Amino acid sequence: PAPPGAPAGWLPPNVEISATGKIFEDTKLNFQPRLGVAYRVTNRLVLRSAAGVFFDNFSGVTQLARNFSGTWPSLGFQSANLTNYPSASQLVPSVSAKNPLPSAVLPLADPFAQTAYFGDPNWQNAYSIQWNGGFQYQVTPSFLWSMNYVGSGSHRTTVGGRYNVAVTPGPGNFKDRSPFPYMPVPTSWDRSWGNANYHALQTSFDRRFAGGLALTASYTWSKSIDSGSSGFFGVEGNSIQNPYSTRPDRSVSSYDVPHNLVLSWVYDLPMGKGKSVHTGNSVADYILGNWQINGIANMLY
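Residues numbered from 1 in each chain as written. Predicted model: local features only at pLDDT ≥ 70, side-chain atom pairs only at ≥ 80, totals over all residues. Heavy atoms only, no water.

**A short note on the pairing of strand β1 (residues 34-40)**
What counts is decided by this rule: The cut-offs for exposure are 20% and 50% of the maximum accessible area for each residue type, with area from a 1.4 Å probe on protein chains only; residues under the lower value are buried, those over the upper are exposed, and the others partly exposed. The helix and strand labels rest on DSSP assignments: H or I over at least four residues marks a helix, E over at least two residues marks a strand, and numbering proceeds from the N terminus. A pair of strands is treated as paired once DSSP finds two or more bridges between them.
A small share of β1 lies buried, amounting to zero of its seven residues. Taking the residues between adjacent antiparallel strands as the criterion, β1 and strand β2 (residues 45-56) are bridged by four residues.

Have a look at this one:
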């Protein structure tokens, strides 16, 4: 049967109907193995290591679903701007409910006369391979020191941008040097081509409750690298030098935080029943007791 909206039941050149009836191909290799190991070297020293694969099934799902709204063959897409702000010479709006889009031709004769945000039919959900290794050492019965190396490699992250631009520089019409010259203008397209990695050295010092005081200090020294400029949904809305090769644009991520120091403390006030400060009255000690003071300081650089 003719696809909905296709004029006279025919399809323009270079247009195909999905054999599966789906916009995106299925992904059947989302295998997520995970392994963790802990080994006690001495009564005070423990070594730990772990690795695993994690998939992100929902990143950008809403955005991808919206990419195809109002596109061929179901209907064309037209818009009317500034309908509530007539010019000085025109005292009434230029459109009406009777004919809000006077220039619209629905459906469009072919899909290449419009631009929209499209998606690669071979798009796949992103995944991250994550690993860590380190040790925990009990310095004293109330003092614990931990240090870990943490890393990850993320793949198939979404990269947006303008496609069907010229693949080589040169004079003349850019369409003659574009992959799809039958398309009149470049258009936006989302692909799962992106990659990113993260490496960090994390250390922490924990002082368990002793004398009513508990302290935690943690420091992370890290580096994050990805493709493009770390914009919304990959690099959508941002510029990269060559949309067909993001490798030259790999650099430090915009969300990279090389140094992160976090300090926290909890102090159990010595007041109430059984504490150094008490009244001897059960009601008063109940009201005054079991209070704590705590705080968190986070320093980034």
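**A short note on unusual backbone geometry**
Unusually for a residue other than glycine, R156 sits at a positive phi of about 60°. On the secondary structure map, R156 appears in strand β5 (residues 143-159). Classification of R156 by relative accessible area gives buried; the value is 17%. At N164, a position not held by glycine, the phi torsion is positive, near 65°. Tracing the backbone shows N164 in the loop between β6 (162-163) and β7 (187-210).

**A short note on the confidence of the model for the protein**
Close inspection of predicted coordinates is inappropriate in any region flagged by low pLDDT. To keep it simple, the criterion reads: Per residue, pLDDT measures the predictor's confidence, with a range of 0 to 100.
Confidence in the prediction of the protein, expressed as mean pLDDT, is 82, and 81% of residues score 70 or more. Mean pLDDT per element in the protein: helix α1 (residues 61-67) is the minimum at 76, and β1 is the maximum at 97.

**Considerations on the packing of aromatic side chains**
Worth spelling out the cut-off: In summary, the pairing rule links any two rings of Phe, Tyr or Trp, Trp by its six-membered ring, whose centres are within 6.5 Å, and it sorts them by plane angle into stacked for under 30 degrees, edge-to-face for over 60 and tilted for everything else.
Scanning the entire structure with this criterion turns up nine aromatic pairs. Measuring from ring centre to ring centre gives 6.2 Å for W145 and F205, while their planes differ by 5°; the resulting arrangement is stacked. Taken together, the residues span a long stretch of sequence, with W145 in strand β5 and F205 in strand β7 at a distance of 60 residues. A relative accessible area of 34% means that F205 is categorised as partly exposed. An aromatic cluster of at least three residues, connected via ring pairs, comprises F135, F143, W145 and F205.

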